[in-house]
Amino acid sequence: MLFKNVIGQTRIKLQLTKGVADNRVSHAQLFLGPEGSGNLAMALAYSQYINCENKQTVAIEDGTVHGDSCGTCPSCLKAQKFIHPDIHFTFPFVKTDKKEVCADWMVEWRQFMLNTPYGGYNEWITQIIEGENKQGNITARECQEIMRRLSLKNYESTYKIIILWLPEYLGNEGNRLLKILEEPPENTVFMLIAHDQERIINTIMSRVQIVKFPRIADQDMIPAIVERFKVGLPQAKKIAALSDGNFNEATQLIDIHEDANTTMIREWMEACYRHNVKALFAWNDRFVKMGREQQKNFFQYCLHFFREVLLLEAGAGSLSKLSDAELKTAEGLGKVLGVDRITFILELFDKCIYFVERNVNAKIMMTFVSVTLLKQFQSNSINTRPFYEKWSR
Ligand SMILES: [Zn+2]
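What you see is a predicted model, and the numbers here were worked out from it, not measured in a lab.

A few points about the coordination of the zinc ion
Okay, step 1: Protein coordination at the zinc ion: the donors are Cys52 (SG), Cys70 (SG), Cys73 (SG) and Cys76 (SG), at 2.3 Å from the metal.
Okay, step 2: Around the zinc ion, the 4 donor atoms sit at angles spanning 105 to 121°, and that spread fits a shape best called tetrahedral.
Okay, step 3: For the zinc ion, all donor residues lie on one chain, and their spacing in sequence is C-x17-C-x2-C-x2-C. One end of the pair, Cys52, is in the loop between helix H2 (39–51) and strand S2 (56–59); the other, Cys73, is in the loop between strand S3 (65–68) and helix H3 (74–80), with 21 residues separating them in the sequence. Of the two residues, Cys52 and Cys73, both sit in the buried class.

As structure tokens, this is what we get:
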């Protein structure tokens, strides 16, 4: 991957390429950033750049310059196909009888890096490994494998690079790597790619140089969405707002038809408002049939939508990002519900995402959610009793 194909994060590109130019490549670095911020993509670009035989410079908009790989030298060609003999990968996986180390999963892993370099643990484990209910991890055997690879001579490049994706899944096995992280063989670079600092053992944290990745800025996200998904600017802006700097999320949201979501919300709210229980349960049945990702995305859209309703009610309509069709529904809802109930509903939807992610029974959840909503339209007082306390026991 070239740096130019990594979305935004210009400051980090500058910092990394300058480090190479000044011959100051730290031997153990932790790329720490939220999911979808592009820290794996950056590691792929960085590892290719370090070993590129014909490094380039590119000028960016504000006149500053950073390095990039040529993309055509023998080293780049191999790096781009993820078959460079001096760039090694370790990642969480599900151990089976036939597949005991990461090397056994390389075909799938290359596919993942090619198609989903902004993907997270869930995409990798559920879509690629299909071990939906199995927990992936990085095993003791895989740690030994890293040591073995490090003991070999470099094949063709000056630097040997180990890209370790999600050290969160190392657990205490990570202690096996401490010595090597502290004193790696000459010209070895460790790149650890992590999302959650809390889940990495302290002994590792204290031995790496941390490069912090912010969420992708809207100004970088919007053109990337337009270019990669061939959508119009208004839709790209909306997806950027919804995905909150997470390109993985943006990729998933692109599949969701905006109008379909608006219609669904309108029908749902109408059934609640008119106290039409039959329509409400028919709506629930339709919702339950959607896939889990689609359900999650719908609630994310609901969060976005009701935040806008809140803005309208607070008199900040000029800031609204809603389309004309959405605006009509939103204004009506704002008038009927008022600020307190809307706030309560936002909390409700936030909890729904939490439960959908944890694979709860959608039918039971939606019965409670719909009935709770119904009550918001009915009573004069707010029903603040959290629905989830009732059924999650
Ligand atoms: Zn090159």
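And the narrative resumes.
Some thoughts on the environment of Leu166
Okay, step 1: Mapped onto the elements, Leu166 comes out in the loop between strand S5 (160–165) and helix H7 (178–182).
Okay, step 2: Separated by 30 residues in sequence, Leu166 and Gly136 place their C-alpha atoms 11 Å apart.
Okay, step 3: Once residues lying within four places of it in the same chain are set aside, the contact partners of Leu166 are Pro92, Tyr121, Ile138, Ile193, Ala194 and His195.

Looking at the nonpolar core
Nonpolar side chains in soluble globular proteins generally cluster together in the buried interior.
Okay, step 1: One finds Trp268 and Phe299 to be the most contacted residues of the largest nonpolar core, which totals 120 residues.
Okay, step 2: It is helix H15 (residues 324–357) that provides the largest number of residues to this core, a total of 13 residues.
Okay, step 3: Both domain 1 (3–214) and domain 2 (256–391) contribute no fewer than three residues apiece to this core.
Okay, step 4: When sequence neighbours within four positions are dropped, the list of residues in contact with Phe299 reads Trp268, Phe287, Phe349, Cys352, Ile353, Val356, Met365 and Met366.

Basis of the calculations
Residues numbered from 1 in each chain as written. Predicted model: local features only at pLDDT ≥ 70, side-chain atom pairs only at ≥ 80, totals over all residues. Heavy atoms only, no water. Donors = N, O, S within 2.8 Å, 3.2 Å for Na, K, Ca; no water. Tetrahedral: all angles 85-135°; square planar, octahedral: opposite > 155°, others 65-115°. Helix = DSSP H or I, 4+ residues; strand = E, 2+ residues; numbered from the N terminus. Buried < 20%, exposed > 50% of the residue type's maximum accessible area, 1.4 Å probe, protein only. Contact = heavy atoms within 4.5 Å. Core = buried A, V, L, I, M, F, W, Y, C linked by side-chain atoms within 4.5 Å. Domains from an automatic or database assignment.

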